[in-house]
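Structural overview for review
Each chain is listed here by its residues.
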Amino acid sequence: MEDLYKTIASPAEGIYTEKRSKFIAIALPVRTVEEVKAYLETYQKKYYDARHVCYAYMLGHERKDFRANDNGEPSGTAGKPILGQINSNELTDILIIVVRYFGGIKLGTSGLIVAYKAAAAEAIAAATIVEKTVDDTVTVLFEYPFMNDVMRIVKEEEPEIVEQGYDMDCRMTLRIRRSSMPRLRARLEKVETLRIEES
């Protein structure tokens, strides 16, 4: 079961020049389409005088939510090569924007593909790639006398305690790497009075 994915730790930039055209690539860590839109707006304003602001993004550990945009460049010459770099590096939760300043000499479609691909590759090379785990959460309810039993399991299995509350019953939300969840659940289910809240 694949419960690891790769993304970038923080924004990074790369620059590629070809026949006086300048390609500025910005790689950004993102989690949602809203973030993507906000970044695009920011960079389109920042580089308002650029001829093209092309981009591609990939979201989610399953890498099914993605988009490539040529922003006026010939179809398939900008967004696709940028997305290709995201894919060949197996990254997700990433947005790469490539800003092009035209240098007066046409590059042709193959030249454009090479330039956008190279610019995106520069930004990825400048980024710190990190591996993250796909995590699942579980919420458990149990009676106070069984707190020690639950805490022993938490100590041994090492899930992150997302939140906990003590009213009539104790309530705890735990987050753990997906591959470790079945064992955590199985151990918790053995605790007397404990109920797992299905979300």
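For the structure, check the block above.
Bear in mind the structure is a predicted one, so any value in this text is a computation, not a measurement. (Residues numbered from 1 in each chain as written. Predicted model: local features only at pLDDT ≥ 70, side-chain atom pairs only at ≥ 80, totals over all residues. Heavy atoms only, no water.)

Counting residues in each nonpolar core, the largest one holds 27 residues, and the members touching the most others are Phe-23, Ile-82, Ile-86, Ile-94, Ile-96, Val-98 and Tyr-116. Among the elements of the structure, β2 (12–18), β3 (21–29), β4 (52–59), α2 (79–88), β6 (94–101) and α3 (108–126) are those that each provide at least two residues to this core. The leading source of residues in this core is α3, at eight residues. Ignoring anything within four residues of it in the chain, the contact list for Ile-82 reads Cys-54, Tyr-55, Ala-56, Ile-96, Val-98, Tyr-116 and Ala-120. With 18 residues, the next largest nonpolar core counts Phe-146, Val-191, Leu-194 and Ile-196 among its residues. (Core = buried A, V, L, I, M, F, W, Y, C linked by side-chain atoms within 4.5 Å. Buried < 20%, exposed > 50% of the residue type's maximum accessible area, 1.4 Å probe, protein only. Helix = DSSP H or I, 4+ residues; strand = E, 2+ residues; numbered from the N terminus. Contact = heavy atoms within 4.5 Å.)

This paragraph deals with the side chain of Thr-139. Tracing the backbone shows Thr-139 in strand β8 (residues 135–142). Only 3.0 Å separates the side chain of Thr-139 from the side chain of Thr-173, close enough to count as a polar contact. Setting aside its immediate chain neighbours within four residues, Thr-139 contacts Arg-171, Met-172, Thr-173, Arg-195, Ile-196 and Glu-197. (Polar contact = N/O pair within 3.5 Å; in protein donor to acceptor, adjacent residues only side chain to side chain.)

Counting across every chain of the model gives 13 salt bridges. For Arg-177, the salt bridge is made with Asp-3, and the minimal N-O distance between the two is 2.9 Å. Residue Arg-177 is found in strand β10 (residues 170–177), and its partner Asp-3 is found in the segment before β1 (4–8); the two are separated by 174 residues along the sequence. Residue Arg-177 is classed as partly exposed on the basis of its relative accessible area of 32%. (Salt bridge = Lys/Arg side-chain N within 4 Å of Asp/Glu carboxyl O.)

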